[in-house]
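# Commentary on secondary and tertiary structure
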Amino acid sequence: FLFESQLKIRIDPSLIPSVGKGVIAWPLDSITVTQQFGKTVDAQRLYVSGTHSGVDFRASVGTKVKSVLAGVVEAVGDTDKTCANASYGKWVLVRHANGLSSLYAHLDLISVPKGQIVATSDKIGYSGNTGYSTGPHLHLGLYATQGVRVSALPSAACKGAIYTIPVADPKAYLDPMSYL
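Every value quoted in this text rests on a predicted model; they were computed, and no experiment measured them.

## Comments concerning unusual backbone geometry
Phi is positive for Asn85, close to 65 degrees, though the residue is something other than glycine. On the secondary structure map, Asn85 appears in the loop between strand 4 (71–78) and strand 5 (90–95). Phi is positive for Ser121, close to 75 degrees, though the residue is something other than glycine. Checked against the element boundaries, Ser121 lands in the loop between strand 7 (117–118) and strand 8 (123–127).

Laid out in structure tokens, this is it:
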């Protein structure tokens, strides 16, 4: 959170689609939201920043996770390899042509490599309970692409550990529900 708040990346709103229903597709076949985006009661209890950077969906371990829009797999990673039970665990970041990027986190299995082109609703992996997670679910993050980077950062949870994760200027975080 401290690193991200110092990024100060200029976000040009004209480079992202307007908020609206159906801009992106649902990432799961069965939808139950378990935590909303932003300053929720749970976020204030669970995260240093007090905000939740995406939307969480109920998903048993092994549930198929689908790309919300066509794009290119920008990066994949597993923070548990460096620092167990911290951050996103197994994650996939997809860059879309419309100025958005989507993040799928806490996966059990990743089915796509970096650089793969995916279509809307293509399988990108299976939901899990990796990283900093209170139970099996899918964390869907949505960003203004211009404001998100994949960086190697020191872990606050595991002193001395460095893991690679997507980071974004706080202004680049978007509420996925505003585009679903």
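## Considerations on the nonpolar core
Ranked by size, the top nonpolar core spans 45 residues in total, and within it Ile24, Tyr88, Trp91, Val92, Tyr104 and Tyr143 carry the most contacts. Listing elements by their share of this core, those giving two or more residues are strand 2 (54–58), strand 4, strand 5, strand 6 (100–110), strand 9 (137–144), strand 10 (148–154), strand 11 (162–168) and strand 12 (173–174). Leave out the neighbours within four places in its chain, and Tyr143 touches Tyr88, Leu93, Gly99, Leu100, Ser101, Leu103, Val148, Pro166, Ala168, Ala172, Tyr173 and Leu174.

## A few points about the packing of aromatic side chains
Counted by the stated rule, this structure contains 2 aromatic pairs. The interplanar angle of 85 degrees and the centroid separation of 6.2 Å between the aromatic rings of Trp26 and Phe57 together place this pair among those described as edge-to-face. One end of the pair, Trp26, is in the loop between helix 1 (2–5) and strand 1 (33–35); the other, Phe57, is in strand 2, with 31 residues separating them in the sequence. When the centroid spacing of 5.2 Å and the interplanar angle of 50 degrees are considered together, the rings of Tyr143 and Tyr173 count as tilted.

Conventions adopted
Residues numbered from 1 in each chain as written. Predicted model: local features only at pLDDT ≥ 70, side-chain atom pairs only at ≥ 80, totals over all residues. Heavy atoms only, no water. Helix = DSSP H or I, 4+ residues; strand = E, 2+ residues; numbered from the N terminus. Core = buried A, V, L, I, M, F, W, Y, C linked by side-chain atoms within 4.5 Å. Buried < 20%, exposed > 50% of the residue type's maximum accessible area, 1.4 Å probe, protein only. Contact = heavy atoms within 4.5 Å. Phe/Tyr/Trp six-rings, centres within 6.5 Å; stacked < 30°, edge-to-face > 60°.

By themselves, these observations are geometric and do not establish any function.
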